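Architecture and fold: a report
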Amino acid sequence: MIKALFFDIDGTLVSFNTHKIPQSTIEALSLAKTKGIEIYISTGRPYALINNIDEIKYLVNGYITANGAYCFYGEKIISCSPIPQEDVRLVIQKAEKMNFACMIVGEEDLTMYNSNAKVDRIFKKMLNVSDLGENISLEKVLKQRILQLTPVITEQEEFEILPLLKHVVSSRWCSDFADITAKGVNKAKGLIEIANWKGFDLSQTMAFGDGGNDLEIIKAAGIGIAMGNANSILKEAANYVATSIDDDGIYNALRYWKII
């Protein structure tokens with residue numbers, strides 16, 4: 001019996017084409033909630049950048065944010081996994097030297113360091129995010145625990161930088177940037193921590209995703225669902241491949257598994 005559903009946001013709950021949650025998804029989550037099933041967000045976005053789920057926010061019990069670096073249930077912080085300062089400083093130095101932009105996510109604030117036109121194209125146009133902390137200083141953010149670094153770099157640049165960092169891992173759900181978190185941190189870790197805290201077994205969880213940063217949680221959940229618009233690696237790892245987000249994928253999957 002499934003007790004909890006975990007949803008990625010971009011490309012899973014929210015369409016890249018419309019920047020909205022399909023009506024069928026809203027109906028499906030509402031039906032699941034009436035059956036006593038808990039609903040969780042599982043995203044690479046920091047909480048401050050979750051600006052696109054207002055229609056279902058009242059249904060959400062808890063969050064896995066920043067790819068598992070910061071997880072909470074209501075007002076209760078379940079886990080916070082910061083990146084060691086030496087790696088944070090090194091990435092910032094590389095951003096300056098190699099001239100790339102990097103989002104620096106603190107426990108309370110975030111800022112986009114060394115912003116450029118590529119940032120506007122990716123975050124403001126593709127992801128529909130307007131506030132990237134332009135008015136927040138780097139110094140203020142660096143006084144906080146750093147949860148995630150998002151350098152806007154190619155895969156080749158990532159391969160050059162990552163071996164220099166001792167305490168982190170990297171994942172991608174977009175070809176234009178990487179998400180760097182502390183070693184051992186990913187969405188599956190958040191899933192396990194929330195399940196342990198709530199007292200339900202992983203076999204009672206179902207996770208949905210479409211990108212590279214969803215691979216671990218898709219494997220860890222009792223049932224892993226890849227959206228029809230997901231990459232091939234995720235589809236191969238999943239227990240089930242749904243139709244795409246714009247073709248009622250979540251609704252169809254929950255119906256198939258008799259969740260609703």
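Analysis parameters
Residues numbered from 1 in each chain as written. Predicted model: local features only at pLDDT ≥ 70, side-chain atom pairs only at ≥ 80, totals over all residues. Heavy atoms only, no water. Helix = DSSP H or I, 4+ residues; strand = E, 2+ residues; numbered from the N terminus. Buried < 20%, exposed > 50% of the residue type's maximum accessible area, 1.4 Å probe, protein only. Contact = heavy atoms within 4.5 Å. Salt bridge = Lys/Arg side-chain N within 4 Å of Asp/Glu carboxyl O. Pairing = 2+ DSSP bridges. Axes fitted to C-alpha atoms, helices over the stretch in contact; angles between N-to-C directions. 1 Å grid on protein atoms, 1.4 Å probe; cavity = no way out; pocket = protein on both sides within 12 Å on 5 of 7 lines; lining within 4 Å. Points joined across faces, edges and corners; volume = space filled by probe spheres on them. Nonpolar A, V, L, I, M, F, W, Y, C, P; charged D, E, K, R; others polar. Arc of directions from axis to C-beta. Polar contact = N/O pair within 3.5 Å; in protein donor to acceptor, adjacent residues only side chain to side chain. Disulfide = S-S within 2.5 Å. Expected span 1.5 Å × (residues − 1). Core = buried A, V, L, I, M, F, W, Y, C linked by side-chain atoms within 4.5 Å.

Re the overall build of the chain
Counting secondary structure elements, the chain contains 9 helices and 13 strands. Projected onto its principal axes, the C-alpha coordinates of the chain cover approximately 55 × 35 × 35 Å. Within the chain, the fraction of its 260 residues that count as buried is 56%. When contacts within the chain are restricted to residue pairs at least 6 apart in sequence, those whose partners lie at least 24 apart make up 59%.

Concerning the pattern of salt bridges
Opposite charge on two side chains permits pairing when their charged atoms draw close. Inspection of the entire model under this criterion finds 11 salt bridges. The shortest N-O distance in the salt bridge between K187 and D8 comes to 3.2 Å. You can see K187 sitting in helix 6 (residues 187-198) and its partner D8 sitting in the loop between strand 1 (4-7) and helix 1 (23-34), a full 179 residues away along the chain. For the pair K187 and D8, one class covers both residues: buried. For the salt bridge of D120 with K124, the shortest nitrogen-to-oxygen distance reads 3.7 Å. With D120 and K124 both in helix 3 (residues 117-126) and 4 residues apart, the pair spans about one turn of that helix. Among the residues examined, D120 registers a relative accessible area of 34% and is labelled partly exposed. When its relative accessible area of 32% is taken as the criterion, K124 is described as partly exposed.

Some details on the sheet that holds strand 1
Across the sheet, which stays open at both edges, the 8 strands sit in the order 5-4-3-2-1-11-12-13 with mixed pairing between neighbours. Two strands lie at the open edges of the sheet, namely strand 5 (76-80) and strand 13 (240-241), each paired on one side alone. Relative to strand 12 (residues 223-226), strand 11 (residues 205-209) runs parallel, the two being bridged by 4 bridges. Opposite M206, over in strand 12, you have I223 as the bridge partner. In the packing of helix 9 (residues 249-256) onto the sheet, the strands contacted are strand 1, strand 11, strand 12 and strand 13, and the crossing angle to strand 11 comes to about 155°.

Let's talk about the layout of surface pockets
As a volume, the largest pocket reaches approximately 170 Å³. Forming the boundary of the largest pocket are 14 residues, of which A48, L49, L110, D131 and G133 lie nearest the centre. Looking at the lining of the largest pocket residue by residue, the classes come out as 6 nonpolar, 4 polar and 4 charged.

Details of helix 3
Taken as a whole, helix 3 has its buried residues at V119, I122 and F123. End-on, the buried residues of helix 3 take up no more than an arc of 85°, which puts them together on one face. Exposed residues pointing more than 90 degrees away from the buried face of helix 3 are listed as A117 and K125. Two to three positions downstream of the cap, the backbone nitrogen of K118 sits 3.1 Å from a side-chain oxygen, assigning the N-cap of helix 3 to N116. N128 occupies a position one or two residues after helix 3 and carries a positive phi of about 60°.

Things to note about the state of the cysteines
Every disulfide links exactly two cysteines, by a covalent bond between their sulfur atoms. A full pass over the atoms with the stated rule returns 0 disulfides. Cysteine C71 remains unbridged, with the sulfur of C80 as its closest cysteine sulfur at 9.2 Å. For C71, a relative accessible area of 0% translates into the label buried.

Quick word on the environment of N231
Position of N231 relative to the elements: it lies in the loop between strand 12 and helix 8 (232-237). Sequence separation between N231 and G211 is 20 residues, and the spatial gap between their C-alpha atoms is 6.4 Å. Ignoring sequence-local partners within four residues, the contact set of N231 consists of D210, G211 and G212.

Some points on helix 6
Helix length check: helix 6, at 12 residues, gives a terminal C-alpha distance of 16 Å against a target of 16 Å (1.5 Å per residue), a fit within 8%. Positive backbone phi, approximately 85°, marks G199, located one or two places after helix 6.

Side note on the nonpolar core
Counting 75 residues, the largest nonpolar core has I104 and F123 as its most contacted members. Every residue in contact with F123, bar those within four places of it in the chain, is listed here: M103, M112, N128, V129, L132, T150, V152 and F177.

Comments concerning the pairing of strand 4 (residues 70-73)
Residues Y70 and F72 of strand 4 are buried on one face, and the alternating residues C71 and Y73, pointing to the opposite face, are buried as well. Summarising the sheet, strand 3 (residues 62-65) and strand 4 pair through 4 bridges and their orientation is antiparallel. Across the sheet, G62 pairs through a bridge with Y73, a residue of strand 4. The antiparallel hairpin formed by strand 3 and strand 4 contains 4 residues in its connecting segment, where A66 sits at a positive phi of about 50°. As judged from the 4 bridges shared by strand 4 and strand 5, these two strands associate in the antiparallel manner. Paired with Y73 across the bridge in strand 5 is K76. Adjacent in sequence and paired antiparallel, strand 4 and strand 5 are bridged by 2 residues, among which G74 carries a positive phi angle near 60°.

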